[in-house]
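Chain and residue survey
Here is what each chain is made of, one letter per residue.
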Amino acid sequence: MSLTVKQITDIAAKQLESCGISDARRDSDELYCFMVGIPYSKMFTEYQYSLQEVLCDKYFQLIDRRASGEPLQYIIGSTEFMGLPFNVRPGVLIPRQDTETLVEDVLDVMSKGSLRNEPIKVQKKAWDVLDLCTGSGAIGVSIAKIAPELGIKANVTLSDISKDALSIAKENIRLNGVDRSTKIVEGDLFAPFGGMLGSKKFDLIVSNPPYIPSDVIPTLQKEVKDHEPLLALDGGDDGLDVYHRIAESIDKHLKKDGVLMLEIGHDQRDDVVKILVDTGLFSDIRSHQDLAHRDRIVFAAK
């Protein structure tokens, strides 16, 4: 007796739910759409059809991968961020909605000269931007793509220590058509930007660095701790290692009227603000929350 797509995806959803997958219904449908090559918006029209046995077997192989904890985005090989498509694979952190808050704030600073409707002193028509610890390139590529639509010229450098991550970032640059306004640099934080003739300086430096304390990583969801790259997660004993390193070198690489914007963990606001205050470099330091009202963004104007 053949089963309809609706019946098969119902079975798959129950399997995923029993394995602790939080959005089991959506994931079961997404994996079906990926397998047959249709957009998710067309899923409703598929429910009535019967599925050939060979496709049914292929489908449940995908479901088994998801049930084991492999992230949906790695199975599909892509995700959406800021309304744009991004390739993702093991080796890069999966872009998350929390980080969209950071990009939206960056774009407001660049285009409006304000942050959350509060004015800032820095106003420019052209920005030299560094996306530090770029990973998939989600932040930098989004800025390069959207800024011109807001009337702002942005030249964006995407930097990371991981060759695997930069390989995927290059794909996302091409995928979103921002080849002319972006470039890739490989290295450990600011190491590639020093030179005999002086250090390269930027108008705006933005970063979503590794910020999870080392002893917290084993407690994370299985799909995160077992699949996403440790290099992009581990922020050292207190989660603050990279923030300290950024603060130590920021003076050499941020213009005197430049802006630093960082994503932080929900409980790291006070620590990160203190790290920046202690540099004595910044006249305006602010923190802001994400859509879930958790501390997420730190802004600092030099």
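Fair warning: this is a prediction, and the values are worked out from it, not measured in the lab.

**Points about helix 2 (residues 24-36)**
- With 13 residues, helix 2 extends 19 Å from end C-alpha to end C-alpha; this agrees with the ideal 18 Å at 1.5 Å per step.
- Three or more residues of helix 2 are buried, namely Ala 24, Asp 27, Ser 28, Asp 29, Glu 30, Leu 31, Tyr 32, Cys 33 and Met 35.
- Packing partners of the buried residues in helix 2 comprise helix 1 (5-18), helix 3 (53-67) and helix 4 (72-76).
- Positioned one or two residues after helix 2, Gly 37 has a phi angle of 75 degrees, which is positive.

**Re the sheet that holds strand 6 (residues 153-160)**
- Strand order across the open sheet formed by seven strands is 7-6-5-8-9-11-10, with mixed pairing between neighbours. Of all strands in the sheet, those bounded by a partner on one side alone are strand 7 (182-186) and strand 10 (284-289). On average, each strand axis in the sheet is tilted by 15 degrees relative to the strand beside it, whichever way the strands run.
- Two elements, strand 5 (residues 126-132) and strand 8 (residues 202-207), share four bridges in a ladder whose sense is parallel. Within strand 8, the residue paired with Leu 132 across the bridge is Ser 207.
- Sheet contacts for helix 7 (residues 163-175): strand 6 and strand 7; angle to strand 7, the most-contacted strand, approximately 175 degrees.
- Contacting strand 5, strand 8 and strand 9 (254-263), helix 9 (residues 241-253) crosses the sheet at an angle of about 160 degrees to strand 9.

**Some words on helix 7**
- When the terminal C-alpha atoms of helix 7 are compared, their 18 Å separation across 13 residues agrees well with the 18 Å that a helix rising 1.5 Å per residue should span.
- Contact partners of the buried residues in helix 7: strand 2 (84-87), helix 6 (138-146), strand 6 and strand 7.

**Things to note about the environment of Leu 240**
- Tracing the backbone through its elements, the reader meets Leu 240 in the loop between helix 8 (222-225) and helix 9.
- Each C-alpha atom, one on Leu 240 and one on Ile 205, is 18 Å from the other, the two residues being 35 residues apart in sequence.
- Excluding anything up to four places from it in sequence, Leu 240 contacts Gly 235, Gln 268, Asp 271, Val 272 and Ile 275.

The rules behind each value
- Here, residues in each chain are numbered from 1, in the same order as that chain's written sequence.
- Totals for whole chains, interfaces and linings use every residue, but because this is a predicted model, local features are given only for residues with pLDDT of at least 70 and side-chain atom pairs only at 80 or more, for both listing and counting.
- Neither water nor hydrogens contribute to the side-chain values; these are computed over all heavy atoms in the structure.
- Secondary structure elements are taken from DSSP: a helix is a run of H or I of four residues or more, a strand is a run of E of two residues or more, and numbering for both begins at the N terminus.
- One fewer than the residue count of a helix, multiplied by 1.5 Å, yields its expected span.
- Three labels apply to residues, based on accessible area from a 1.4 Å probe with only protein chains included: buried if under 20% of the type maximum, exposed if over 50%, partly exposed otherwise in between.
- By definition, residues are in contact when any of their heavy atoms lie within 4.5 Å.
- In short, DSSP must find at least two bridges between two strands for them to pair.
- Lines fitted to C-alpha atoms define the axes, with helix axes restricted to the stretch in contact, and inter-axis angles between N-to-C directions lie between 0 and 180 degrees.

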